[in-house]
Amino acid sequence: MADIPNNLKFLDSHEWARLEDDGTVTVGISDHAQELLGDIVFVELPDIGKNIAKKGDIAVVESVKAASDVYSPVSGEITEINEVLNDNPEIINASPYDEGWFFKIKPQDIEELANLLDSEAYKKVSES
Amino acid sequence: MNTTYLNAFHHAEGGNMVDFAGWEMPINYGSQINEHNLVRQEVGVFDVSHMAVFDLKGDNQISFLEKLLPNNINKIKSLKKALYSPLLNYKGGILDDLIVYHLGDSNFRLVSNCATREQNKKWFNEIASEFNVEVDFKSDYSIIALQGPSSKAILDKLIQTNIKNFEVYTDSNLMIAGTGYTGEKGFEIISDKTKGEEIWHEIINHGVKPIGLAARDTLRLEAGLNLYGSDMTEENHPYDSNLSWTVDLKSKDRDFIGRDALQTKTDSPNILCGFYTNERGVLRSGAKISYEGGSGTITSGTWSPTFKKNIGLCRIDRNHPNEGRAFLRDKEINLFFCETNFLKYLK
């Protein structure tokens, strides 16, 4: 398994969150998650402006093998989606922590981030 | 868990291993789509040694197979060819599907699915005893499937044969047949595991990539080939499973198991039909579909790497309209019914 970037926070359902300089939070799925799913063929992304609660289901990722809900690591409003994924969902497999991000959220409460798993704790979850 | 003799190879190649009916098998070696495309466009090799091989012994093998199978063994009896047939119970329900190979003289071999091996072993022995035929279960045989448009060029590097589709070549305990489960030209190579290991590594050394079971499933579905346990079970019979061509009722004195029951089923109200949709998302096995005048169920559904859309098989009314609908995560999806061989229909 590739190294897990240590600037990310995680849900145990395999989503990652990264706090950006502008105060938004970028969300994607982990390398471990894309490996479990296998070749990804579709994503359903949320509408910009939509409000979501922490751990609410907000997107769907579908591989040849299975469909899976994607949960939001924090509460807030969707400000941007990665439209590249609509035509090239396979970049989630190739680059889960970088080009394969799903959406950005303007967080309601930045403290929620602190309560997520850090990369060490997530590593343990994904190896168990 | 059971393993094939190539288990260490699969691990070393980075195979993602899963429990497949009690066997640890590679689902993919990274990307099932890349593996699928390799077989469609060039060539790939599968370890399918988890399937069950039964060799028959005795003088009455043909009589036994005439009784056992709805397809007529006499079509291949002196031809060294392979024949596909379902296996039926007395009610005409499908117990499994298999390929029977004529090995030469009056000797035959059956190759059936993995999950049904114990049940088949019992069933074959039960029927065979009436005919004084011995059923020799080969518990540790090697089955290698070399599949794809370049498969003949690779086979030529191993051995010189002229076998064509469904033909069988034998040399002591090595058997090569022009059969497969991908819709491509290909060969299945059966031998003991010592010979199998030698052949596998020779094929790999010619640059052929190993292919996992996930790609095997999308390849067979694009070719409209049924999967036992999904597209047909004991609750189904050949006429609602797109297999009427495997039931040979012509010779009136051939009293195969299930024959009487099938007489009443020839115009079954249900059929197995293909479907596809151009919409986003993948309808999968178990999903309900509806259409004007009826409803049905998807038996296999996947995303097709070749056609880049959702395809599958469903069981619906024989008299169905051209279009239907299904729900995918609360969204209504339009789908089109079509022939089961997508390689011909959608090309």
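These numbers come from a predicted model, not from an experiment.

(A) Structural view of the sheet that holds strand S9 (residues 142-147) of chain B. All names here are of chain B. With mixed pairing, 6 strands are arranged side by side in an open sheet as S10-S11-S12-S9-S3-S13. With partners counted over all chains shown, the strands left at the sheet margins are strand S10 (168-171) and strand S13 (209-210), one partner each. Where S9 lies against strand S12 (residues 186-191), 6 bridges are found, and the strand directions are antiparallel. Residue pairing in the sheet places Ile143 in a bridge with Ile190 of S12. Relative to strand S3 (residues 44-47), helix H2 (residues 32-41) is tilted by about 115 degrees, and along the sheet it contacts S3, S9 and S13. Contacts between helix H6 (residues 193-205) and the sheet are confined to S3, S9, strand S11 (174-177) and S12, with S9 contributing the most and set at about 25 degrees to the helix.

(B) Structural view of the interface of chain A and chain B. With 9 residues of chain A in contact, the opposing surface of chain B contributes 12 residues. Its residues assigned to classes, the side of chain A that touches chain B shows 5 nonpolar, 1 polar and 3 charged.

(C) A look at the environment of Glu90 of chain A. Residues and elements named next belong to chain A. Here Glu90 is to be found in the loop between helix H2 (84-87) and helix H3 (91-94). Each C-alpha atom of the pair Glu90 and Gly100 lies 8.3 Å from the other, and the pair is 10 residues apart in sequence. Residues in contact with Glu90, not counting those within four places in the same chain, are Asp39 and Ile40.

(D) A look at the sheet that holds strand S5 (residues 82-88) of chain B. Residue and element names in this part refer to chain B. Strand order in the open sheet made by the 5 strands is S5-S6-S7-S4-S8, with antiparallel pairing throughout. One side of each edge strand has no neighbouring strand; the edge strands of this open sheet are S5 and strand S8 (134-138). Here the strands of the sheet are splayed against their neighbours by 30 degrees on average, with no regard to which way each runs. Here 7 bridges tie S5 to strand S6 (residues 94-104), and the two strands are oriented antiparallel to one another. Bridging across to S6, Ser85 finds its partner in Leu98. Against the sheet, helix H3 (residues 61-68) engages strand S4 (52-57), S6 and strand S7 (107-112), with an angle of about 35 degrees to S7. Contacting S4, S6, S7 and S8, helix H4 (residues 117-130) runs over the sheet at an angle of about 160 degrees to S8.

Cut-offs applied
Residues numbered from 1 in each chain as written. Chains lettered and ligands numbered in written order. Predicted model: local features only at pLDDT ≥ 70, side-chain atom pairs only at ≥ 80, totals over all residues. Pairing = 2+ DSSP bridges. Helix = DSSP H or I, 4+ residues; strand = E, 2+ residues; numbered from the N terminus. Contact = placed C-beta atoms within 7 Å. Axes fitted to C-alpha atoms, helices over the stretch in contact; angles between N-to-C directions. Nonpolar A, V, L, I, M, F, W, Y, C, P; charged D, E, K, R; others polar.

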